[in-house]
Every structure is written in structure tokens, then in C-alpha cells.
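The residues making up each chain are set out below.
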Amino acid sequence: MDSPHPERQGLNMIQAGNTEGISDIIRFVLEIDKLKGVLRKVKPTGEDRYENTAEHSWQIALFALSLEQVVEISVDVNRVIAMLLVHDLGEIDAGDKFVFAQDGWEDRKVVELRAVERICDIAPLKVADWLITLWKEFDGGGTSEARFAKAIDRCMPVLLNLSHQGGSWLENGVTYERVVGRVGPEIENGCPELWTYMKEKLEEGRRKGFFAATS
């Protein structure tokens, strides 16, 4: 027998669909909670512990949101923030890799993408596709948003190490030249004004002995 209220039946179907989507999103956000347990190689300001990747993602997202207001740059800052929140999800499976490691980066990207796909596939399909697209855009660095996001991502650990008088640079024997060579091009490419500021701070850090000696 037909329902006496077909409009209610349609409403119930929509609600059921929404509930299923919400359930998948909740499974996804509980999975990415594991990011809080992934430790990085730098310490938060004033702390004697290593930061976790979730803290890093939150900080650089707010950094980008704030910096976009004061520099001469034309980007979709909401897309930048989305990329910064997604770009390290693969560390749930792959762990953090020291940015100054000399090799293994191509293999690392394969592992990270596989991890991102696994994690995002927990979410509804359209959400998963969107998140993976953001990850690939950041990794490729082909848009102004991706370049700005990369500049922010590269800058933040530098700022934390400077606040710790060298921090992981001294712990891991990293020279001034190695830092500038690794982070300089991406920061300058994504936000020239930020690199102008950072060059001065890095030079000041060199004068204060924040880097390993050049062999």
C-alpha cells in the first residue's frame, strides 16, 4: 500500500542518507585523531617535548590565515588552509620524516599517498576525492595556493628551531647552508616577503651559533 504521506517517506530517505554520511565522517575524524600521536623533530616554543603533527597542522593553518592578511599575495586562503590540514595525513601510517634527510623522498611520497588514500577512503566518496585532490595539489606545487602553503609549511619548523636556539639543527648536525638550501627556495617561491624576513632571522641565528659547524 502506498504511504499516505509520500513527502515524509522522501524526507526519511534523505535523513537516512545524511546519517550514513555523518557516520562515515565521524569514522574519518576518529581515524585522523591518530595524527596526535605522530611526533615530529622540533619542539613547541617553551616546551621540552617534541610537537605532534596535529599541532603542526593546526599552527600552520592559522599561520597562513593570518599571514595572508599582511603580505602582497593573491591566493584562495581557504584552499591554502585546506591543503595544510590535509598534507600530513599520510604520517599516520608513514610517520614523520626529518625534513633535512638527504634521500628517500620519492619512495616516501609513494608511501604517503597510499596512506592518504587509505585514510580518506573512510570518508564519503566525494569528500575522499576532494581531500586527495588537495593532497596532490600541495605535493605538486603547481598553483599559487600550493606554493604559499609549502612556504608556510617550510617556515614553521625553522621558526621553532630558532626559538629553541638551534633545536633539532644542533641535535642532528644540520648546518646553516643545509637549512637555507632546503627551505629557502620553497619559501621564496611561495611568499617572497616571508623569505626576506626569514633570511635575516637565519643569519642572526648563524651569528648566535644555532647551527652545526660546516665540516
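The following paragraphs examine the structure supplied in this document. Every residue gets a number counted from 1 within its own chain, in the order that chain's sequence is written. In keeping with the predicted nature of the model, local features appear solely for residues at pLDDT of at least 70, side-chain atom pairs appear and are counted solely at 80 or more, and the whole-chain, interface and lining totals rest on all residues. No hydrogens and no water enter the side-chain calculation; it runs on all heavy atoms of the structure.

Here we look at unusual backbone geometry
At step 1: Notably, Q165 is not glycine yet its phi reads approximately 55°, a positive angle.
At step 2: Structurally, Q165 can be placed in the loop between α7 (144–163) and α8 (167–171). Where helices and strands are cited, they refer to DSSP runs of H or I of at least four residues and of E of at least two residues respectively, numbered from the N terminus.

Section: the pattern of salt bridges
It is possible for side chains of opposite charge to pair when their charged atoms get near one another.
At step 1: Here a salt bridge means any side-chain nitrogen of Lys or Arg lying within 4 Å of a carboxyl oxygen belonging to Asp or Glu. Scanning the entire structure with this criterion turns up 17 salt bridges.
At step 2: Residues R27 and D24 are paired through a salt bridge, measuring 3.6 Å at the closest nitrogen-oxygen approach. With R27 and D24 both in helix α1 (residues 6–31), this residue pair falls 3 residues apart, about one helical turn.
At step 3: Among the ionic pairs, R40 bridges to E51, the shortest N-O distance being 2.7 Å. A residue pair is termed long-range when its members are at least 10 positions apart, and R40 in the loop between α1 and α2 (53–67) and E51 in the loop between α1 and α2 qualify at 11 residues. Judged on exposure class, the residue R40 and its partner E51 are both buried. Residue exposure (1.4 Å probe, protein chains only): buried if accessible area is under 20% of the type maximum, exposed if over 50%, otherwise partly exposed.

What about the side chain of E145?
At step 1: Counting through the fold element by element, E145 comes out in helix α7.
At step 2: Look at E145: it is buried, it has no salt bridge, and the nearest opposite charge is R79 at 6.0 Å.
At step 3: Side-chain atoms alone can form a polar contact between residues adjacent in sequence; in general such a contact is a pair of N or O atoms within 3.5 Å, and within protein one must be able to donate a hydrogen while the other accepts it. Side chain to side chain, E145 and S144 meet in a polar contact 3.2 Å long. When charges are counted, Lys and Arg contribute as positive and Asp and Glu as negative, whereas His and the chain ends are disregarded.

Focus on the side chain of D88
At step 1: The topology assignment puts D88 in the loop between α3 (77–86) and α4 (91–94).
At step 2: The buried charged residue D88 lacks any salt bridge, with R40 as its nearest oppositely charged partner at 4.0 Å.
At step 3: Filtering out sequence-adjacent residues up to four positions away, D88 remains in contact with L35, R40, T53, H56 and S57. Whether two residues are in contact is decided by their heavy atoms, any of which lying within 4.5 Å being enough.

Section: the packing of aromatic side chains
Two aromatic rings, taken as a pair, are described by how far apart their centres are and by the angle between their planes.
At step 1: Each aromatic pair joins two rings of Phe, Tyr and Trp (for Trp, the six-membered one) with centres within 6.5 Å, and gets the label stacked for planes under 30 degrees apart, edge-to-face for over 60, and tilted for any other angle. Summed over all chains, the structure comprises 2 aromatic pairs.
At step 2: Aromatic pair Y176 and F211: ring centres 5.4 Å apart, planes at 85°, arrangement edge-to-face. Of the two residues, Y176 is situated in helix α9 (residues 176–190) and F211 in the segment after α10 (192–207); the sequence distance between them amounts to 35 residues.
At step 3: For Y176, a relative accessible area of 14% corresponds to the buried category.

Some thoughts on the packing of helix α6 (residues 125–140) against α7
For any two helices packed against each other, the geometry comes down to the angle between their axes and how far apart the axes lie.
At step 1: Whenever a helix is involved, its axis is fitted only over the stretch in contact; in every case the axis is a line through C-alpha atoms, and angles between N-to-C directions fall within 0 to 180 degrees. At a closest axis distance of 8 Å, the pairing of α6 and α7 adopts a crossing angle of 75°. Judged on the interaxial angle alone, α7 and α6 are roughly perpendicular. Side by side, α6 and α7 meet where E137, F138 and D139 of the first sit next to E145, A146, A149, K150 and D153 of the second. Throughout, the term roughly parallel applies to angles under 35 degrees, roughly antiparallel to angles over 145, roughly perpendicular to angles from 65 to 115, and oblique to all others.

Side note on α9
At step 1: A rise of 1.5 Å per residue sets the reference length of α9, with its 15 residues, at 21 Å; its end C-alpha atoms lie 21 Å apart and thus fit the reference within 8%.
At step 2: Take the seven residues that end at a residue and the seven that start at it, fit an axis to each, and the angle between those axes is the bend at that residue. Helix geometry: α9 is bent most strongly at G184, by close to 40°, with proline P185 lying one to four residues after it.
At step 3: Along α9, the residues classified as buried are Y176, V179, V183, G184, I187 and G190.
At step 4: Its buried side turned inward, α9 meets α7, α8 and α10. To estimate the expected span of a helix, count its residues, drop one, and scale the result by 1.5 Å.

A closer look at the nonpolar core
Nonpolar side chains tend to gather and get buried jointly when the protein is soluble and globular.
At step 1: I152 and L194 are the most contacted members of the largest nonpolar core, which has 51 residues in total.
At step 2: Counting only elements with at least two residues in this core, the list comes to α2, α3, α5 (105–120), α6, α7, α9 and α10.
At step 3: When residues in this core are grouped by element, the largest group, 10 residues, is from α7.
At step 4: Those residues in contact with I152, other than ones at most four positions away along the chain, are I60, F63, A64, L67, L84 and L194. Grouping buried Ala, Val, Leu, Ile, Met, Phe, Trp, Tyr and Cys residues that are joined through side-chain atoms within 4.5 Å yields what is termed a nonpolar core.

Description of the packing of α9 against α10
At step 1: For the pair α9 and α10, the least separation of the axes is 8 Å and the interaxial angle reads 165°. One element, α9, and the other, α10, form an angle in the roughly antiparallel class. Of the two possible hands of crossing, α9 and α10 adopt the one that is right-handed. Of the residues in α10, those touching α9 at Y176, E177, V179, V180, V183, G184, I187, E188 and G190 are P192, L194, W195, L202, E203 and R206.
At step 2: Among the residues making up the contact of α9 with α10, the classes are represented as 9 nonpolar, 2 polar and 4 charged. Each helix crossing is assigned a hand: it is left-handed if the near helix lies turned anticlockwise from the far helix by less than a right angle, otherwise right-handed if that turn is clockwise. Note on residue categories: nonpolar means Ala, Val, Leu, Ile, Met, Phe, Trp, Tyr, Cys or Pro, charged means Asp, Glu, Lys or Arg, and polar means any other residue, Gly included.

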